[in-house]
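So the chains spell out like this:
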Amino acid sequence: MSHPFKKEQLIELKFFTEMCIKDPEVLNLPELSFMKDFVKHFGGTVPKSRKNEKKPEEFKASEPVVESEPETEDSDIELDMTGVIEPDTDAPQKMGDPTAVPTEEEISESKEKWPEAVSAYAEKDFEKAIQLYTEAIILNPQKALLFAKRGQVYLNLNKPNACIRDCNRALELNPDSPAAHRFRGRAYQLLGKWEEAASDLRFACQVDFDELAQEWLKEVTPNARKLEEHRRKKERKASEKKDRERQERLKKAQEACSKARDDNTRTPQTNSDGDFYQFLNDPDVLQSFQDPEVAEAFKDISSNPANMFKYQNNPKIMSLITKVASKFGGAGGMGGMGGFPGMMGGMPGFPGAGATPPKPSAPNDDVGLD
């Protein structure tokens, strides 16, 4: 037995039934009453909606009302909302096939509908004008001005979103279309999108001056300037905050470096120790110690030179150790400096100038022999 349904309809029906199985309460919606009757007709039941049932705890004494948090800084801006309307929510209008290449016959037929649409618009028969422009667009979807003019008609029907869709398409075909910028700017104005409106209207007046567009631009400019100035202030504050955070990080790094130096040194008693303090003032070394990881590793190695081997695969830390070793290798391995001092002289591969390598002991071959 064949069925009268299209494949797309069956897919949608399958999706709907699966949704009902997962959430049967959806069948309690008024607009789905027909489906509810269908289920009952075949002896099925639909669970009662629990959305209106109150839970026991809801009957407890009302809790104190929590004041809503203050709105964003944008709410502090006083804007003139005169003329702003509710946005239209109609389904998108027909745009034709964007990939179609019209024939000469189609282009000619499209041109014939143009004056009819203009005449209907002049007579304020906007619905007929929309119909004629749409027919012209279907025939020739590559004509930018057709979309812009239909967008103008949508403006007169107080449908700014439909106008914006048409103007966006027109600007895809011709980015410099003054008509598309002009009508889209007006649509943004009706939606209270002041900066976008000002940008479009400025462009339209620069490319092709129009008194009406100039009047619209004068209306949106005060609000647009307030928003632009507000945005600049926010950006400036964000930049200043970022600079303060960077300065704070740098300050903490310097303090960590200073603390590491204080923890790992004592009052210098020899010329080599004095050189070490001077070495710490070396810009490259100071920059290295501003890295918390290096400062912590330096402190760790100072407390126990053997810990150096934990960092042998860390080129950043070993580079600093090598620099210190090369600087003080001839000064008793940086001896006489407490914690960190003497570290290099006592580590393999970093002998001090005054250190004498230990003699190898003879192998104890007779251990355990009589």
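Just so it is clear, the model here is predicted, and its values are computed rather than measured.

### Side note on the overall build of the chain
Tallying secondary structure elements over the chain gives 13 helices and zero strands in all. Classification of the 370 residues of the chain by burial places 32% in the buried group. Relative to all contacts within the chain whose residues are 6 or more apart in sequence, the contacts with residues 24 or more apart total 55%. Within the structure as shown, the chain displays about 25100 Å² of accessible surface, and the carbon and sulfur contribution to it stands at 52%.

### Section: the pattern of salt bridges
Scanning the model with the defined rule gives 10 salt bridges in all. Lys-159 is the partner of Asp-90 in a salt bridge, and the nearest nitrogen-oxygen pair spans 2.9 Å. Of this pair, Asp-90 sits in the loop between helix H2 (33-41) and helix H3 (104-122) while Lys-159 sits in the loop between helix H5 (144-156) and helix H6 (160-173), placing them 69 residues apart in sequence. Assessed through its relative accessible area of 40%, Asp-90 is described here as partly exposed. Taking the relative accessible area as the measure of exposure, Lys-159 reaches 23% and is therefore partly exposed. Residues participating in the shared-partner salt-bridge network are Glu-195, Arg-231 and Glu-235.

### Let's talk about the packing of aromatic side chains
In the structure shown here, the tally under the stated rule is one aromatic pair. A ring pair is formed by Tyr-121 and Phe-126, whose centres lie 5.6 Å apart and whose planes are at 50 degrees; its orientation type is tilted. Taking the relative accessible area as the measure of exposure, Phe-126 reaches 14% and is therefore buried. Sitting over the face of the ring of Phe-183, Arg-182 holds its NZ or CZ atom 5.3 Å from the ring centroid.

### Examining the nonpolar core
With 41 residues, the main nonpolar core has Cys-163 and Val-220 as its most contacted residues. Elements supplying a minimum of two residues to this core: H3, helix H4 (126-139), H5, H6, helix H7 (178-190), helix H8 (194-207) and helix H9 (211-263). If we ignore the near neighbours within four places in the chain, the residues touching Cys-163 are Gly-151, Tyr-154, Leu-155, Phe-183, Arg-184 and Ala-187. Formed by 16 residues, the second largest nonpolar core is a distinct cluster that contains Phe-298, Ile-317, Leu-320 and Ile-321.

### So, a negative patch on the surface
On the surface, a cluster of negative charge is made up of Glu-105, Glu-106, Glu-109, Glu-112 and Glu-116. Relative to the helices and strands, Glu-112 resides in helix H3.

### Section: the packing of H7 against H9
At their nearest, the axes of H7 and H9 sit 10 Å apart, and the two run at 35 degrees to each other. You can see that H7 and H9 cross each other, and the crossing is left-handed. From H7, Arg-182, Arg-186 and Gln-189 reach across to H9, where they touch Ala-213, Trp-216, Glu-219 and Val-220.

### Details of H9
Given 3.6 residues to a turn, an α-helix orients residues that are three or four positions apart in the same direction. An ideal rise of 1.5 Å per residue puts 78 Å on 53 residues; H9 measures up with 76 Å between its terminal C-alpha atoms. Most pronounced at Thr-221, the bend in H9 amounts to some 40 degrees, and the proline Pro-222 follows within four residues. Where H9 starts, the residue carrying a side-chain oxygen 3.0 Å from the main-chain nitrogen of Leu-212 turns out to be Asp-210.

### Section: H6
Under the 1.5 Å per step criterion, the end-to-end length of H6 is 20 Å for 14 residues, consistent within 8% with the ideal 20 Å. Taken residue by residue, H6 has Pro-160, Ala-162, Cys-163, Ile-164, Asp-166, Cys-167, Arg-169, Ala-170 and Leu-171 as its buried positions. Residues of H6 that are buried sit in contact with H5 and H7.

Conventions we followed
- Residues numbered from 1 in each chain as written.
- Predicted model: local features only at pLDDT ≥ 70, side-chain atom pairs only at ≥ 80, totals over all residues.
- Heavy atoms only, no water.
- Helix = DSSP H or I, 4+ residues; strand = E, 2+ residues; numbered from the N terminus.
- Buried < 20%, exposed > 50% of the residue type's maximum accessible area, 1.4 Å probe, protein only.
- Contact = heavy atoms within 4.5 Å.
- Areas by Shrake-Rupley, 256 points an atom, 1.4 Å probe, with all protein chains shown as cover.
- Salt bridge = Lys/Arg side-chain N within 4 Å of Asp/Glu carboxyl O.
- Phe/Tyr/Trp six-rings, centres within 6.5 Å; stacked < 30°, edge-to-face > 60°.
- Lys NZ or Arg CZ within 6 Å of the ring centre and 35° of its normal.
- Core = buried A, V, L, I, M, F, W, Y, C linked by side-chain atoms within 4.5 Å.
- Patch = residues over 30% accessible without salt bridge, like charges linked within 9 Å, V, L, I, M, F, W, Y side chains within 5 Å.
- Lys, Arg positive; Asp, Glu negative; His and termini not counted.
- Charge placed at Lys NZ, Arg CZ, Asp CG, Glu CD.
- Axes fitted to C-alpha atoms, helices over the stretch in contact; angles between N-to-C directions.
- Left-handed = near helix turned anticlockwise from the far one by under 90°.
- Expected span 1.5 Å × (residues − 1).
- Bend = angle between axes of the 7 residues up to and from the residue.
- Polar contact = N/O pair within 3.5 Å; in protein donor to acceptor, adjacent residues only side chain to side chain.

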